[in-house]
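Residue-level structure breakdown
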Amino acid sequence: MDEQRISEGLTFDDVLLVFGHYQSLDGHDHRPRGVGIDTGCGTLPEGRLTVACPGTDVAAQAAGSGGPGVKILSVGSLTPRKGHRQLLEALAGLQSLPWSLHNVGSAARDPATALDLQEATAQLGLLQRVVWHGEVDEEALAAHYAAADLFVLPSWHEGYGMAAAEALAHCLPVVASDAGALAQTVPRAAGRQVPPGD
(Lines give C-alpha, C1' and ligand atoms only; values in the text may rest on other atoms or scores of the structure.)
Protein backbone atom coordinates (compact mmCIF):
# COMPACT_ATOMS: atom_id res chain seq x y z
CA MET A 1 0.00 0.00 0.00
CA ASP A 2 1.52 3.34 -0.99
CA GLU A 3 1.73 6.48 1.20
CA GLN A 4 -1.12 8.27 -0.56
CA ARG A 5 -3.53 5.35 -0.10
CA ILE A 6 -2.48 5.04 3.53
CA SER A 7 -2.91 8.74 4.25
CA GLU A 8 -6.28 8.90 2.49
CA GLY A 9 -7.53 6.00 4.61
CA LEU A 10 -6.47 7.43 7.97
CA THR A 11 -8.89 9.26 10.20
CA PHE A 12 -8.31 10.58 13.69
CA ASP A 13 -10.30 7.60 15.00
CA ASP A 14 -7.60 5.30 13.64
CA VAL A 15 -4.48 4.15 15.40
CA LEU A 16 -1.31 4.24 13.33
CA LEU A 17 0.91 1.24 13.94
CA VAL A 18 4.59 1.47 12.98
CA PHE A 19 7.23 -1.20 13.36
CA GLY A 20 10.21 0.40 15.08
CA HIS A 21 10.85 3.98 16.08
CA TYR A 22 12.15 5.11 12.71
CA GLN A 23 9.65 3.56 10.32
CA SER A 24 6.98 6.08 9.45
CA LEU A 25 5.09 7.49 6.50
CA ASP A 26 7.60 10.23 5.79
CA GLY A 27 10.77 8.56 7.09
CA HIS A 28 11.13 10.78 10.17
CA ASP A 29 11.42 9.78 13.81
CA HIS A 30 7.89 9.66 15.22
CA ARG A 31 8.32 8.27 18.70
CA PRO A 32 5.21 8.88 20.81
CA ARG A 33 5.77 12.06 22.79
CA GLY A 34 4.14 15.43 23.30
CA VAL A 35 0.64 16.45 22.39
CA GLY A 36 0.25 14.89 18.98
CA ILE A 37 2.34 13.24 16.34
CA ASP A 38 2.85 14.73 12.89
CA THR A 39 2.58 11.72 10.56
CA GLY A 40 3.21 13.68 7.39
CA CYS A 41 -0.50 13.38 6.53
CA GLY A 42 -1.96 15.14 9.53
CA THR A 43 -1.49 15.12 13.27
CA LEU A 44 -2.68 12.17 15.30
CA PRO A 45 -3.72 12.92 18.87
CA GLU A 46 -1.39 11.67 21.59
CA GLY A 47 -1.82 7.97 22.23
CA ARG A 48 -2.97 7.18 18.68
CA LEU A 49 0.48 6.16 17.42
CA THR A 50 1.66 2.77 18.56
CA VAL A 51 5.24 1.61 18.05
CA ALA A 52 5.52 -2.18 17.85
CA CYS A 53 9.13 -3.33 17.82
CA PRO A 54 9.67 -6.72 16.19
CA GLY A 55 10.52 -9.53 18.56
CA THR A 56 12.81 -12.52 18.45
CA ASP A 57 12.38 -16.10 19.50
CA VAL A 58 13.94 -17.21 22.76
CA ALA A 59 17.43 -18.43 21.89
CA ALA A 60 20.12 -20.34 23.71
CA GLN A 61 23.26 -18.43 24.60
CA ALA A 62 25.88 -18.81 21.89
CA ALA A 63 28.53 -21.34 22.86
CA GLY A 64 31.09 -19.55 20.71
CA SER A 65 33.75 -20.99 18.49
CA GLY A 66 36.10 -22.19 21.20
CA GLY A 67 38.95 -20.53 19.31
CA PRO A 68 41.59 -20.19 18.27
CA GLY A 69 40.81 -16.63 17.35
CA VAL A 70 37.51 -14.79 17.14
CA LYS A 71 34.74 -16.02 14.88
CA ILE A 72 32.92 -12.94 13.61
CA LEU A 73 29.40 -13.30 12.18
CA SER A 74 27.61 -10.85 9.91
CA VAL A 75 24.07 -11.53 8.69
CA GLY A 76 22.46 -9.57 5.88
CA SER A 77 21.79 -9.61 2.16
CA LEU A 78 24.79 -8.69 0.04
CA THR A 79 23.75 -5.17 -0.90
CA PRO A 80 25.71 -1.91 -0.60
CA ARG A 81 23.47 -0.73 2.28
CA LYS A 82 24.68 -3.54 4.54
CA GLY A 83 28.27 -2.23 4.59
CA HIS A 84 30.09 -5.50 3.86
CA ARG A 85 32.71 -3.71 1.76
CA GLN A 86 33.62 -1.37 4.63
CA LEU A 87 33.80 -4.34 6.99
CA LEU A 88 36.24 -6.14 4.69
CA GLU A 89 38.41 -3.04 4.42
CA ALA A 90 38.45 -2.60 8.20
CA LEU A 91 39.34 -6.24 8.82
CA ALA A 92 42.10 -6.12 6.20
CA GLY A 93 43.93 -3.78 8.58
CA LEU A 94 43.67 -6.32 11.41
CA GLN A 95 45.37 -9.29 9.80
CA SER A 96 47.91 -9.53 12.63
CA LEU A 97 45.02 -10.60 14.91
CA PRO A 98 43.42 -14.06 14.86
CA TRP A 99 39.91 -13.77 13.43
CA SER A 100 37.62 -15.23 10.78
CA LEU A 101 34.53 -13.61 9.24
CA HIS A 102 31.43 -15.61 8.33
CA ASN A 103 28.86 -13.79 6.20
CA VAL A 104 25.34 -15.17 5.92
CA GLY A 105 22.97 -13.57 3.44
CA SER A 106 21.50 -13.74 -0.03
CA ALA A 107 23.63 -12.82 -3.02
CA ALA A 108 20.58 -12.94 -5.32
CA ARG A 109 19.23 -9.46 -4.46
CA ASP A 110 22.25 -7.69 -5.92
CA PRO A 111 24.51 -10.06 -7.88
CA ALA A 112 26.86 -7.24 -8.91
CA THR A 113 27.53 -6.31 -5.29
CA ALA A 114 27.97 -9.98 -4.37
CA LEU A 115 30.59 -10.35 -7.13
CA ASP A 116 32.32 -7.14 -6.02
CA LEU A 117 32.53 -8.47 -2.46
CA GLN A 118 34.04 -11.76 -3.67
CA GLU A 119 36.63 -9.84 -5.68
CA ALA A 120 37.39 -7.49 -2.77
CA THR A 121 37.94 -10.49 -0.51
CA ALA A 122 40.64 -11.74 -2.88
CA GLN A 123 42.19 -8.29 -3.52
CA LEU A 124 42.48 -7.62 0.21
CA GLY A 125 44.17 -10.98 0.81
CA LEU A 126 41.31 -12.33 2.94
CA LEU A 127 40.42 -15.54 1.11
CA GLN A 128 41.63 -17.71 4.01
CA ARG A 129 39.67 -15.70 6.59
CA VAL A 130 36.36 -14.72 4.99
CA VAL A 131 33.57 -17.18 4.18
CA TRP A 132 30.46 -16.28 2.17
CA HIS A 133 27.77 -18.81 3.17
CA GLY A 134 24.92 -17.36 1.09
CA GLU A 135 21.32 -17.59 2.18
CA VAL A 136 20.72 -20.40 4.68
CA ASP A 137 17.69 -21.95 6.32
CA GLU A 138 16.58 -21.18 9.87
CA GLU A 139 18.38 -24.15 11.40
CA ALA A 140 21.69 -23.33 9.73
CA LEU A 141 21.34 -19.67 10.73
CA ALA A 142 20.81 -20.66 14.36
CA ALA A 143 23.97 -22.79 14.14
CA HIS A 144 25.94 -19.79 12.84
CA TYR A 145 24.75 -17.65 15.75
CA ALA A 146 25.57 -20.45 18.22
CA ALA A 147 29.15 -20.82 16.93
CA ALA A 148 29.97 -17.10 16.75
CA ASP A 149 32.04 -15.07 19.22
CA LEU A 150 31.09 -11.61 17.91
CA PHE A 151 28.32 -10.21 15.69
CA VAL A 152 28.96 -7.28 13.35
CA LEU A 153 26.37 -5.23 11.40
CA PRO A 154 28.01 -2.25 9.61
CA SER A 155 24.86 -1.09 7.78
CA TRP A 156 24.44 2.36 6.29
CA HIS A 157 20.77 2.23 7.31
CA GLU A 158 18.43 -0.18 9.10
CA GLY A 159 14.70 0.20 9.66
CA TYR A 160 15.05 -2.01 12.73
CA GLY A 161 18.04 -4.37 12.61
CA MET A 162 16.46 -7.80 13.09
CA ALA A 163 19.78 -9.62 12.66
CA ALA A 164 21.29 -7.55 15.48
CA ALA A 165 18.27 -8.31 17.69
CA GLU A 166 18.74 -12.02 16.98
CA ALA A 167 22.44 -11.77 17.87
CA LEU A 168 21.50 -10.11 21.17
CA ALA A 169 19.00 -12.91 21.83
CA HIS A 170 21.96 -15.33 21.53
CA CYS A 171 23.90 -13.17 24.04
CA LEU A 172 26.52 -12.21 21.47
CA PRO A 173 28.44 -8.96 21.81
CA VAL A 174 27.50 -6.70 18.91
CA VAL A 175 29.45 -4.12 16.93
CA ALA A 176 27.02 -2.17 14.76
CA SER A 177 26.66 1.16 13.10
CA ASP A 178 24.30 3.59 14.76
CA ALA A 179 22.44 4.07 11.47
CA GLY A 180 18.68 4.38 11.52
CA ALA A 181 17.00 2.31 14.20
CA LEU A 182 20.17 0.41 15.15
CA ALA A 183 20.85 3.15 17.69
CA GLN A 184 17.76 1.93 19.57
CA THR A 185 17.91 -1.78 18.70
CA VAL A 186 21.42 -2.31 20.08
CA PRO A 187 21.74 -1.07 23.68
CA ARG A 188 25.09 0.58 24.38
CA ALA A 189 25.71 -1.91 27.20
CA ALA A 190 25.42 -4.83 24.72
CA GLY A 191 28.15 -3.76 22.35
CA ARG A 192 29.74 -0.92 20.48
CA GLN A 193 28.12 1.45 18.03
CA VAL A 194 30.04 3.32 15.37
CA PRO A 195 29.08 5.84 12.71
CA PRO A 196 28.19 4.26 9.34
CA GLY A 197 31.33 3.73 7.28
CA ASP A 198 33.68 3.99 10.28
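Before any of the text, the structure's been laid out above.
In this report, the structure presented in the accompanying data block is examined.

The rules we used
Here the residue numbers are simple positions, counted from 1 along each chain's written sequence. For a predicted model such as this one, the threshold for reporting local features is a pLDDT of at least 70, and the threshold for listing and counting side-chain atom pairs is 80 or more; totals across whole chains, interfaces and linings nevertheless cover every residue. In computing side-chain values, all of the structure's heavy atoms are included and hydrogens and water are not. Note on conventions: DSSP H or I runs of at least 4 residues are helices, E runs of at least 2 residues are strands, and numbering of each starts at the N terminus. Each residue's exposure class comes from its accessible area (1.4 Å probe, protein chains only) as a fraction of the maximum for that residue type: buried when under 20%, exposed when over 50%, partly exposed otherwise. Here, two residues are considered to be in contact whenever any of their heavy atoms come within 4.5 Å of each other. Paired strands are those between which DSSP finds at least two bridges. Salt bridges, as used here, are contacts in which a Lys or Arg side-chain nitrogen is within 4 Å of a carboxyl oxygen on Asp or Glu. Any pair of N or O atoms that falls within 3.5 Å is considered a polar contact. Within protein, one atom must be able to donate a hydrogen and the other to accept it, and sequence-neighbouring residues count only if both atoms are side-chain atoms. By convention, a stacked pair of Phe, Tyr or Trp rings (six-membered ring in the case of Trp) has centres within 6.5 Å and planes under 30 degrees apart, an edge-to-face pair has planes over 60 apart, and any other such pair is tilted. Put simply, a charge is over a ring when the Lys NZ or the Arg CZ is close to the ring centre, within 6 Å, and near the line of the ring normal, within 35 degrees. Throughout, nonpolar core names a set of buried Ala, Val, Leu, Ile, Met, Phe, Trp, Tyr and Cys residues whose side chains join them through atoms within 4.5 Å.

Time to look at the overall build of the protein chain. Assigned secondary structure in the protein chain consists of six helices and ten strands. By residue count, 36% of the 198 residues in the protein chain fall in the buried class. Partitioning the intrachain contacts of the protein chain with sequence separation of at least 6 by distance along the chain shows that 63% fall at a separation of at least 24.

Of the strand pairs in this sheet, strand E8 (residues 150–153) and strand E9 (residues 174–177) are connected by three bridges, and their pairing is parallel. Note on E9: the bridge partner recorded for Leu 153 is Ala 176. With four bridges joining them, E9 and strand E10 (residues 191–194) adopt parallel strand pairing. Residue pairing across strands places Ala 176 opposite Gln 193, the latter belonging to E10.

Turning next to the pattern of salt bridges. What the rule picks out here adds up to four salt bridges. Arg 85 is the salt-bridge partner of Asp 116, the closest N and O atoms lying 3.0 Å from each other. Residue Asp 116 is found in helix H3 (residues 111–123), and its partner Arg 85 is found in helix H2 (residues 84–92); the two are separated by 31 residues along the sequence. Through salt bridges with shared partners, a single network forms among Arg 81, Lys 82 and Glu 158.

Take the side chain of Lys 82 next. Looking at where Lys 82 falls in the secondary structure, it is placed in the loop between strand E5 (70–75) and H2. Lys 82 sits in the buried class, given a relative accessible area of 10%. One polar contact links Lys 82 to Glu 158, side chain to side chain, over a distance of 2.6 Å.

Moving on to the packing of aromatic side chains. Enumeration according to the criterion identifies one aromatic pair in this entry. The cationic tip of Arg 129 hangs over the ring face of Trp 99; the distance from NZ or CZ to the ring centre is 4.6 Å.

Moving on to the nonpolar core. It is characteristic of soluble globular proteins that their nonpolar side chains tend to be buried jointly. Core analysis: the largest hydrophobic core is formed by 17 residues, its most contacted members being Leu 73, Val 75, Tyr 145, Phe 151 and Leu 172. Where this core is concerned, the elements lending two or more residues are E5, helix H4 (138–147), E8, helix H5 (162–169) and E9. Considering every element that reaches this core, the biggest residue donor is H5, with three residues. Apart from residues no more than four positions distant in its own chain, Leu 172 is found in contact with Ala 62, Tyr 145, Ala 148, Asp 149, Leu 150, Phe 151, Ala 167 and Ala 190.

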